[in-house]
Amino acid sequence: MRPYKPKKNVQKQSYYNDRFWVAPRVPQEAVESDEIFAEDFKSLSKTRKVKEAYLERGQMVLIINAKDNVTILKHLKEKLGYDVLSEMSAIDYLAQDGEFEIFYQLLSMQKRRRVRVKCRIKENEAIQSVESLFRSADWSEREMYDMFGIKVNNHPYLKRILMPDDWVGHPLRKSYPLHGDEAAQWYEVDKIFGKEYRDIIGPEQRDAAYISTTDTCNFARIKHEVPRCADPNSEPERIEKFNDDAPLVETFDLTKSKIVDRTR
Amino acid sequence: MQQRNRLEPYFENLVFERDDNTMVINFGPQHPSAHGQLRLILEMDGEQVKKAVPDIGYLHRGMEKMGENMIYNEFLPTTDRMDYIAATSNNYAFALAVERLLGIEDKVPRRAKVIRMMLLELNRIISHLFWLATHALDVGAMSVFLYCFREREYAMDLMEDYCGARLTHSAVRIGGVPLDLPEGWLDHLNWFLSKLPEQIELYEGLLTKNRIWRMRLENVGVVPPEMAKSWACSGIMLRGSGIEYDIRKEEPYELYDEVDFDIPVTDRCDSYGRYLLYMEEMRQSIRILQQLIPMYKETEPYLMAHAPEYISAPKEDIMTQNYSLMQHFVLVTQGMRPPVGEVYVPTESPKGELGFFIRSEGEPYPYRLKIRAPSFWHTGILQDLLPGHYLADVVTIIGSTNIVFGEIDR
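Residues numbered from 1 in each chain as written. Chains lettered and ligands numbered in written order. Predicted model: local features only at pLDDT ≥ 70, side-chain atom pairs only at ≥ 80, totals over all residues.

**With respect to the overall build of chain A**
No. 1: A tally of helices and strands in chain A yields seven helices and eight strands.
No. 2: Its C-alpha radius of gyration of 30 Å places chain A more than 25% over the 18 Å reference for a compact globule of 264 residues.
No. 3: By principal-axis analysis of the C-alpha atoms, chain A measures approximately 90 × 65 × 50 Å.
No. 4: When the 264 residues of chain A are sorted by exposure, 26% land in the buried category. (Helix = DSSP H or I, 4+ residues; strand = E, 2+ residues; numbered from the N terminus. Rg over C-alpha atoms; globule rule 2.2 N^0.38 Å. Buried ≥ 20, exposed ≤ 12 C-beta atoms within 10 Å, placed from the backbone.)

**With respect to the interface of chain B and chain A**
No. 1: Opposite the 46 residues of chain B that make contact, chain A presents 40 residues.
No. 2: Going through the elements one at a time, α1 (63-68), α3 (87-102), α8 (225-230), β4 (341-349), β5 (352-360), β6 (368-372) and α14 (374-380) of chain B are the ones with two or more residues in the side of chain B that touches chain A.
No. 3: Each residue belonging to the side of chain B that touches chain A can be placed in one class, and the counts come to 18 nonpolar, 10 polar and 18 charged. (Contact = placed C-beta atoms within 7 Å. Nonpolar A, V, L, I, M, F, W, Y, C, P; charged D, E, K, R; others polar.)

**Quick notes on the nonpolar core**
No. 1: Counting 153 residues, the largest nonpolar core has Leu106(A), Val117(A), Ala97(B), Val98(B), Leu132(B) and Cys233(B) as the members making the most contacts within it.
No. 2: With 17 residues, the top contributor of residues to this core is helix α4 (residues 110-139) of chain B.
No. 3: Setting aside chain neighbours within four positions, we find Val98(B) in contact with Tyr72(B), Ile174(B) and Ile358(B). (Core = buried A, V, L, I, M, F, W, Y, C linked by C-beta atoms within 7 Å.)

**Examining the sheet that holds strand β2 (residues 39-45) of chain B**
Residues and elements named next belong to chain B.
No. 1: One open sheet holds the three strands; their spatial order is β1-β2-β3, and the pairing between them is antiparallel. Taken across any chain shown, the strands that pair with only one partner, and hence form the sheet edges, are β1 (23-27) and β3 (48-55). Averaged over all neighbouring strand pairs, the angle between strand axes comes to 20°, with direction disregarded.
No. 2: Pairing analysis gives seven bridges linking β2 to β3, with the strands arranged antiparallel. Bridging from a neighbouring strand, Met44 pairs with Val49 of β3. (Pairing = 2+ DSSP bridges. Axes fitted to C-alpha atoms, helices over the stretch in contact; angles between N-to-C directions.)

**Examining the sheet that holds strand β3 (residues 59-64) of chain A**
Residue and element names in this part refer to chain A.
No. 1: If you walk across this open sheet you meet the six strands as β1-β2-β3-β6-β5-β4, and the pairing is mixed. The sheet is open, and its two edges are formed by β1 (28-29) and β4 (84-93), each paired on a single side.
No. 2: As paired elements, strand β2 (residues 50-56) and β3 share six bridges and run antiparallel to each other. Bridged to Glu56 within β3 is Gln59.
No. 3: Strand contacts of helix α2 (residues 69-78): β3, β5 (99-108) and β6 (113-122), with the helix running at about 175° to β6, the strand carrying the most contacts.
No. 4: Sitting on the sheet, helix α4 (residues 137-148) touches β4 and β5, and the angle it makes with β4 is about 10°.

**Observations concerning the packing of helix α6 (residues 185-207) of chain B against helix α11 (residues 271-297) of chain B**
Residue and element names in this part refer to chain B.
No. 1: It is the contact of α6 with α11, at a shortest axis distance of 10 Å, that shows an interaxial angle of 165°. Here α11 runs roughly antiparallel to α6, going by the angle between their axes. Here α6 and α11 pass one another in a crossing that is left-handed. Two secondary-structure elements touch here, α6 through Leu186, Leu189, Asn190, Leu193, Leu196, Pro197, Ile200 and Glu204 and α11 through Met279, Met282, Arg283, Ile286, Leu289, Gln290, Ile293 and Tyr296.
No. 2: Of the residues belonging to the contact of α6 with α11, the class tally is 12 nonpolar, two polar and two charged. (Parallel < 35°, antiparallel > 145°, perpendicular 65-115°, else oblique. Left-handed = near helix turned anticlockwise from the far one by under 90°.)

**Details of α4(A)**
No. 1: When the terminal C-alpha atoms of α4(A) are compared, their 15 Å separation across 12 residues agrees well with the 16 Å that a helix rising 1.5 Å per residue should span.
No. 2: α4(A) sits mainly inside the fold: 12 of its 12 residues count as buried.
No. 3: Burial in α4(A) covers these residues: Ala137(A), Asp138(A), Trp139(A), Ser140(A), Glu141(A), Arg142(A), Glu143(A), Met144(A), Tyr145(A), Asp146(A), Met147(A) and Phe148(A).
No. 4: Here the buried face of α4(A) lies against β4, β5 and β8 (151-153) of chain A together with α14 of chain B.
No. 5: After α4(A) finishes, the residue Gly149(A) shows a positive phi value of roughly 75°. (Expected span 1.5 Å × (residues − 1).)

**Quick notes on the environment of Lys49(A)**
No. 1: Inspection of the secondary structure puts Lys49(A) in the loop between α1 (35-47) and β2.
No. 2: Taking the C-alpha atoms as reference points, Lys49(A) and Ile72(A), 23 residues apart in sequence, are found 9.3 Å from one another.

**A few points about the environment of Glu56(A)**
No. 1: With respect to the secondary-structure elements, Glu56(A) resides in strand β2.
No. 2: Glu56(A) gets classed as partly exposed once you count the C-beta atoms within 10 Å, which come to 17.
No. 3: Along the chain, Glu56(A) and Val115(A) lie 59 residues apart, while their C-alpha atoms are 9.9 Å from each other.
No. 4: Among residues more than four places away in sequence, those in contact with Glu56(A) are Val26(A), Gln28(A), Val61(A), Gly341(B) and Glu342(B).

Following this line, the structure appears as C-alpha cells:
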C-alpha cells in the first residue's frame, strides 16, 4: 500500500523531530504592563467584546470576533489614533482547524505604538472590507483574496492582484504545492494553444526537472559520458586505468624550484 | 475563457472604442521608465489622465511561499532579490525579525551592530543615488545619471570589498555579520565620505534651481498628509507630506539611538519636496557613517551572537570543539527552531517601512512569512494620485515614488 500523505498541508516538513522536545512560547505580557496599551484596551473593550489581549514583543495583540472587525478598527482609528494600517493578511490554519486567521497590523504615529488585531473565519466565510477606513486595505485585501481565496465583502474592486486573472488555485494556501499544481504546469499551453495541445506538447516539456536520456547536448550521462552532442547510443571510450605505482604526490624538489621576484 | 485566436491579447474591463472621446493607453510592462514591470492602464482625455489602474505581478516569484519551505538561514539570500537596489536592508530586516522572534536581539555584539549600520547607511546612499540617477533620466536630465552612477560605483566598490558582491550582498546573518571589515576599508570609506558631499552639491547645482527640473517636479504628484496615512505610505513618501516619522528615530533599532542625525521633513507634498528630502537624507547618512567610524574602533572583535541554541559557534570552535561541531551540524541540516509565536518588525529601508511578519509554530520552517514591502502601497497610491495629471507627469510621479518591482511582487 502506498503511504498516506496529507493533502491539506503539503509544505515542507522537518524530517526529524525529537519526541520529547516541546517548543517554548514567545513570552506574553499582560496588557496592564504598558500604560498606553492598558488605556487603549480599556476604551476598546467597552465598545465590542475582545476575546483575548496580550503584549508580544512590545506590540499589543487583540483577538476579536470576525464580524466586529470594522467596528473595532474604526474605534482604533478614530478614537485611539491608530490611523495607519501598515499590513494585513491571513494565515492558513485549514489543516488544523478549518479556519483562516486574519491579522491587521496598525500603527499610531502619535503614540509610537503598534497593535495587531486578529480574527478567525471559517473556510467559506467572507470578511467585511475595511477599505472605507484605510485605503491601503484596497490592495492588501486584493492580495489576501489572490493568495488565500478569502472573499471580502464591500470591496470596490476585488480582483486578483499578483497572479493572472484566470489562475486556478490560491498559491499561499498550505494545500498548494510549492512547484504549482497541474493547472499551473499547463497554464501557458492551455492559454495559447488550448487544452488539446497538452498531449502533443507532452508533459516532459513542462517539467523543469525533466532529464532526457537521449539528449547528450544538454545533459551528461553520469559514468556513460560521451562527447557533446554525440550519438547517445555510442559508448564512451574507456578511461585508462589509474597507474597505482606512480606516487600520489610528487616530492618537492627544492633545487629545481625558482623564486619569482615579486618586487619587480 | 476560450477565444477564437488565443494569441490575441484581451483586456477584460476595457473598451477600446468609446463614445466619450477618451482613449485607453497601456503603459508598460515594458517601458523604460516603468521601473521594472509596472503596467498602468490609463484612461486619457486628450493629454490628461482620467483613470489609472496599476497592474502588478509580472515579477511575482512567490517569495513568501518559498520562505515557508525553507529554513530561516536558507531564506536570507532570497531576500536580496526583493529590493535589489539596496539588498542589505532586506537582509537586515529579515535578520532583525528572526532575532526578535528568538529574543537574541540584545546578544548581537556591538561590532556587528556597527558594521550592519555602516552597510545599511551605505546601502541607503547607493539606493538614493540610483533613485536620483534614474529619476533624472526619466525626467530628461541625462548627465545627472552619469554623475550619480560614478559615485554609486565607489559605494558599490566598498560593498564589494566587504562582502564580495555588488548587488546581492547577503552581508548580514541572523545573529550578527559573517566577516569583520577588511584592512583599509575604513580609510576607503572615509575617502568616499569626504568626496561625496561636494558631489551632492554638484547634483543640486544641476537640478535644484534648474528651471526645467522645477517645472517638471513642482506641484506634480501632490500627496496630502491624510492620503499618505490612509495609503500607509512610509519613508520619504510620508515625510514629503509633512509627517515626521522615521522608524530609525521613533522605534530605534541597532545603535540608531546613539548616533546623532536629523530627519528631514517638508510639507510641500509634491515631487520636488521629495527630491529635496532624498538629497538631505544622503547628507544625514554621511553624518551617521562619520560617527560610526570612531565607534567601530572602540568595539571588541566579536561578530556573531552567542546563542548556541540558534546560532552556530565561531569557526575555530567548530573546528576544535566537539560540541560546537555537533550543534553546527544540527543547525545546518535541520535548522534553528524558534519559539512558538509571532512577530512583526518594521525597519526603515531606503524606500520606506520594510517589515517582516513571521509566525512560528516551533518548526524549523516559518509557518507564515509576510513581507511588508513599502513599494507595494506606493504603487497602489498611483490609482488615486495619477488622475488629473498629464501623461508626461506620469513618468515623474512613478519616479518620485521610488518603487522597485522586486519588492512589490516579491
